[in-house]
Amino acid sequence: MAIVAGGDPFHLPQLSNYPLIDTWIGCDYGAYLLVEAGLPVDIAIGDFDSVTPAQLAVIKKEAASVQAFPVEKDKSDLELAIDVVQTLNVASLTLFGVTGGRLDHELSNIFLMERLKKAGLPITIIDEHHQIDLFLPGVHVIKDDKVFQNYSFLALSDTVEGVTLENAYYPLTDATITRGDSLTLSNKKVKDDLILTFRQGVLLVIRTDLT
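Residues numbered from 1 in each chain as written. Predicted model: local features only at pLDDT ≥ 70, side-chain atom pairs only at ≥ 80, totals over all residues. Heavy atoms only, no water.

Draft legend 1. Layout of the nonpolar core. Ranked by internal contacts, the top residues of the largest apolar core, which has 28 residues, are Ile3, Ile82 and Leu93. Elements with a minimum of two residues in this core: strand S2 (24-27), strand S3 (43-46), helix H3 (77-86), strand S5 (93-96), helix H4 (103-118), strand S6 (123-126) and strand S7 (130-135). Sort the elements by how many residues they give to this core and H3 lands first, with six residues. Aside from chain neighbours lying at most four places away, what touches Ile3 is Ile25, Cys27, Leu78, Ala81, Ile82, Val85, Leu93, Thr94, Leu95 and Phe96. If you look at the next biggest cluster of nonpolar residues, it comprises 20 residues, including Leu12, Tyr32, Phe48 and Ile126. (Core = buried A, V, L, I, M, F, W, Y, C linked by side-chain atoms within 4.5 Å. Buried < 20%, exposed > 50% of the residue type's maximum accessible area, 1.4 Å probe, protein only. Helix = DSSP H or I, 4+ residues; strand = E, 2+ residues; numbered from the N terminus. Contact = heavy atoms within 4.5 Å.)

Okay, here's the thing in structure tokens:
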């Protein structure tokens, strides 16, 4: 399942390159972006203050379900969409269109990943040049990626302890990462899948095709 928000469309990847996504939710202008991409709009949700009347008419025509909210509300359009997702008992969620626009919104969306991960809903953020995942303590196999070949590992908590990274060009063994460290920027795999292990903290893994 995926949500397409109304961020900068120039930062969107080619959405049709994700055929395994079987349900598409469009937030506000994101619903119109789904229509333009030729993809189904299973649910359109938001206050729709970012679309023109003509675009809204297209959304209402194409969407299987439209949930409209007032502009003045206590939750963002994205949070409203996630509320819907949480009623559907999905295993994971991919977000598009949540980067490359307003920095405050982008950071809020990244912080939202931690709360939802701890609630049992893993989220992946993807844009044209990045994939962002959030990990809690444990052993994680990061599968080989033919598109995003460069990896950075960033502490979202104050510290991340016991970090071991195998099959990486810059391996780590029982390291401690502090928020703001540059030690774990710009790594890459040397063989197979990367194996990430840590025992305490919250870690962001950002993959990119940029050098």
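Having seen the model, we can carry on.
Draft legend 2. A look at the packing of aromatic side chains. Scanning the model with the defined rule gives four aromatic pairs in all. Ring-pair connections join several aromatic residues into one group, and the members of that group are Tyr18, Trp24 and Phe96. Residue placement shows Lys188 over the ring face of Tyr169; its charged tip is 5.0 Å from the ring centre. (Phe/Tyr/Trp six-rings, centres within 6.5 Å; stacked < 30°, edge-to-face > 60°. Lys NZ or Arg CZ within 6 Å of the ring centre and 35° of its normal.)

Draft legend 3. View of the sheet that holds S5. Read across the sheet, nine strands follow the order S4-S3-S2-S1-S5-S6-S7-S13-S9 without closing on themselves; strand pairing throughout is mixed. Because the sheet does not close on itself, it has two edges, and the strands there are strand S4 (66-68) and strand S9 (150-155). Across the sheet, the mean angle from the axis of one strand to that of its neighbour is 20°, orientation sign disregarded. Alignment of S3 against S4, held across three bridges, turns out to be parallel. Following the sheet pairing, Ile45 is matched in S4 by Gln67. Packing of helix H1 (residues 29-36) onto the sheet brings it into contact with strand S1 (2-4), S2 and S3, and relative to S2 it is tilted by some 130°. (Pairing = 2+ DSSP bridges. Axes fitted to C-alpha atoms, helices over the stretch in contact; angles between N-to-C directions.)

Draft legend 4. The arrangement of the layout of surface pockets in detail. The volume enclosed by the largest pocket comes to roughly 580 Å³. Along the wall of the largest pocket there are 26 residues; nearest its centre are Ala5, Gly6, Ser76, Leu78 and His105. Of all the elements in the fold, those that place two or more residues in the lining of the largest pocket are H3 and H4. The leading source of residues in the lining of the largest pocket is H4, at five residues. Among the residues forming the lining of the largest pocket, the class breakdown is seven nonpolar, 11 polar and eight charged. (1 Å grid on protein atoms, 1.4 Å probe; cavity = no way out; pocket = protein on both sides within 12 Å on 5 of 7 lines; lining within 4 Å. Points joined across faces, edges and corners; volume = space filled by probe spheres on them. Nonpolar A, V, L, I, M, F, W, Y, C, P; charged D, E, K, R; others polar.)

Draft legend 5. Spatial organisation of the packing of H3 against H4. It is the contact of H3 with H4, at a shortest axis distance of 12 Å, that shows an interaxial angle of 25°. With respect to each other, H3 and H4 are oriented roughly parallel. In this structure, H3 meets H4 at a crossing whose hand is right-handed. Judged by residue contacts, Leu78, Glu79, Ile82 and Gln86 of H3 engage Asn109, Leu112, Arg115 and Leu116 from H4. Classifying every residue of the contact of H3 with H4 gives four nonpolar, two polar and two charged. (Parallel < 35°, antiparallel > 145°, perpendicular 65-115°, else oblique. Left-handed = near helix turned anticlockwise from the far one by under 90°.)

Draft legend 6. Representation of unusual backbone geometry in the model. If you check the backbone angles, Phe48 has positive phi at about 60° while not being a glycine. Assessed through its relative accessible area of 7%, Phe48 is described here as buried.

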